[in-house]
2 protein chains.
Amino acid sequence: MKDHVHCHHCGLENDYCISLVPIFNHLEKPQMDEVMTLIHSKSYKKGEDIYQSGHTSDALYIVRKGRVKIYRLSESGKEQILRILNPGDFTGELALFNESVHDAYASALSDTDICMIKRNDLQNLLLKYPNISMRILSEFSNRLAQSETQTTRFATERVEMRIALFLVESLDTKSESHVVDLPMSKKDLASFLGTTPETISRKLFEFEDAGLIKQITNKKIEIMDVDGLLLI
Amino acid sequence: MKDHVHCHHCGLENDYCISLVPIFNHLEKPQMDEVMTLIHSKSYKKGEDIYQSGHTSDALYIVRKGRVKIYRLSESGKEQILRILNPGDFTGELALFNESVHDAYASALSDTDICMIKRNDLQNLLLKYPNISMRILSEFSNRLAQSETQTTRFATERVEMRIALFLVESLDTKSESHVVDLPMSKKDLASFLGTTPETISRKLFEFEDAGLIKQITNKKIEIMDVDGLLLI
DNA sequence: CTCAAATCTTGATGTACATCAAGGTTTTTT
DNA sequence: AAAAAACCTTGATGTACATCAAGATTTGAG
């Protein structure tokens, strides 16, 4: 009945939520087992909230399956998407180390499984295994760099360029294909890029007219000319 | 001759650079002494660069005295100020935990003293004293929250509101006075807020006409009506 | 499969803010 | 103290993008 709450019961025997996650996957088996005893897991349906701004928080949330959007409401009430979490990403850290109130909203974009670890449990882990701290520090510093890049872009680039950069950076570097799978609706993409759906729509057609991209379906875009896109 | 490089020789005997700094000031005396042996200190004249984007990095920089601006150049070459460091603040962390190349510039806004600790030395410290990690994690999560707030503002607020918010948040909450001391030139402020000096100038005079503020000198602004300013 | 709701597109219009330019002021240098 | 350099102000002009509106398409629920 409470199956879905305790991770060590929530799936296949060997389905370690945390083995996917960069901040834990470097651990030896015995340590991994120890961490596992601290993990709680929970599932969310598409559209459900994982947490809300203003709510108190005492856990780190790790995405095991699905996709999660993190967004804020601006002073004037507009929704602004900060980032999209994919499996392996985590959130909730702000509340973990500082005040215990979320400053953003998290909601499931698809059916999602989350692994949670409680504030105190995590802090004990960090003191016991400094390596985990190092991983989280590394992750934080990545996020910080990314966030500052985003800030710089909002402050200095035109919408057109922000869209172009988003497309290029969405390219899977491993795969040969130059097809981008948009991870969200254009409405959400607009919010993420600080613009409107109308503008996204128009700019994409401009890119297409210029032969830079090809819109295959609503969520699939083939990039024909990466370099050209960046010269916009 | 090398006096300025080794902190334990660089000033008063008891002038522990690190005793000011939140990430170290919780340490006991013996640990503090240990950290001190790892610290290198250096002075910079106003306008001098502390590091440049693209340069390799292997140190954490802590501001002991003075003021430092951290800025980036956008894809299109525009300068964008990310933050201003005051005594006690640190930087260089991005390069510390990930790739070893700076993605931003740091330059001294006034004559500045910096304490440095080398990458390897810091990492050993972190493994030895997990408390320090916790402090840095807390500091990081603060910075992240701040950076995301900034992103949201750029994406959703008009320039007018960004300026108003900047003014209000610059108010020293402790002091009774409602006078804000701008920490930088209006040119730099414009870059920080993602606008132009012209617009800053105009908006400030609009605020003044509306009786919301009073420009005392070029760098001193008295806020007459905090609430009014936020309703812009 | 059907219908309703949500999302996307396209055009017409408006506006916040950048840009350009040129004179005035402050700060820095010597 | 004088000269140079950087900064700030103010006006005139331009434009990138938001907003509003209404039809077209996609998505999802029953």
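Calculation rules
Residues numbered from 1 in each chain as written. Chains lettered and ligands numbered in written order. Predicted model: local features only at pLDDT ≥ 70, side-chain atom pairs only at ≥ 80, totals over all residues. Heavy atoms only, no water. Axes fitted to C-alpha atoms, helices over the stretch in contact; angles between N-to-C directions. Helix = DSSP H or I, 4+ residues; strand = E, 2+ residues; numbered from the N terminus. Parallel < 35°, antiparallel > 145°, perpendicular 65-115°, else oblique. Contact = heavy atoms within 4.5 Å. Nonpolar A, V, L, I, M, F, W, Y, C, P; charged D, E, K, R; others polar. Least-squares fit on C-alpha atoms with pLDDT ≥ 70 in both. Near = heavy atom within 4 Å. Polar contact = N/O pair within 3.5 Å; in protein donor to acceptor, adjacent residues only side chain to side chain. Buried area = accessible area lost by both parts, 1.4 Å probe. Salt bridge = Lys/Arg side-chain N within 4 Å of Asp/Glu carboxyl O. Buried < 20%, exposed > 50% of the residue type's maximum accessible area, 1.4 Å probe, protein only.

A. Representation of the packing of helix H3 (residues 119-128) of chain A against helix H4 (residues 130-156) of chain A. All names here are of chain A. The N-to-C vectors of H3 and H4 enclose an angle of 110 degrees; their axes lie 5 Å apart at closest approach. The orientation of H3 relative to H4 falls into the category roughly perpendicular. Residue-level contacts link Leu125, Leu126, Leu127 and Lys128 of H3 to Pro130, Ile132, Ser133 and Ile136 of H4. Residues belonging to the contact of H3 with H4 are distributed by class as follows: six nonpolar, one polar and one charged.

B. Region of interest: the relation of the copies chain A and chain B. Between chain A and chain B, which share one sequence, the superposing operator has a rotation angle of 180 degrees and an axial displacement of 0.0 Å; the RMSD is 0.1 Å. When the rotation and shift are considered jointly, the pair of chain copies conforms to a two-fold rotation axis. The position closest to the rotation axis in chain A is occupied by the C-alpha of threonine 151 of chain A, lying 2.4 Å away. Most of the interface of chain A is mirrored in chain B: 100% of its interface residues are interface residues there too.

C. Just the protein's contact with DNA strand C, in detail. Lining the immediate environment of DNA strand C, one finds 20 residues, of which Lys186 and Ser201 of chain A together with Lys46, Val159 and Thr199 of chain B sit closest. Across the atoms of DNA strand C situated within 4 Å of the protein, the share located in sugar and phosphate is 64%. At 2.9 Å, a side-chain N or O of arginine 202 of chain A approaches a base nitrogen of DNA strand C. Interatomic distance of 2.6 Å between a backbone N/O atom of valine 159 of chain B and a phosphate oxygen of DNA strand C.

D. Highlighting the interface of chain A and chain B. Listed as interface residues are 42 residues of chain A and, on the opposing side, 42 residues of chain B. Overall, the association of chain A and chain B removes approximately 4000 Å² of surface from exposure, summing both partners, and the carbon and sulfur fraction of that is 63%. Of all residues in chain A, Leu137, Leu144 and Glu148 of chain A give up the largest surface area on contact with chain B, accounting jointly for 15% of the area buried on that side. Across the pair arginine 143 of chain A and glutamate 148 of chain B runs a salt bridge, and its minimum N-O distance is 3.3 Å. Linking chain A to chain B there are eight residue pairs in polar contact (both at pLDDT 80 or more). Of all the secondary-structure elements, those providing two or more residues to the side of chain A that touches chain B are strand S5 (79-85), helix H2 (93-97), H3 and H4 of chain A. If you tally residues by element for the side of chain A that touches chain B, the top one is H4 of chain A, at 23 residues. Of the residues contributing to the side of chain A that touches chain B, the split by class is 15 nonpolar, 17 polar and 10 charged.

E. Fine view of the pattern of salt bridges. For the structure on display, the rule yields 26 salt bridges over all chains. For the salt bridge of glutamate 169 of chain B with arginine 153 of chain B, the shortest nitrogen-to-oxygen distance reads 2.6 Å. Remark: arginine 153 of chain B occurs in helix H4 (residues 130-156) and glutamate 169 of chain B occurs in helix H5 (residues 159-170); sequence separation between them is 16 residues. Here glutamate 169 of chain B falls in the exposed class, since its relative accessible area comes to 51%. In this structure arginine 153 of chain B comes out as buried when scored by relative accessible area, which is 9%. One continuous salt-bridge network, built from bridges that share partners, spans Lys69, Glu79, Lys187 and Asp188 of chain A.

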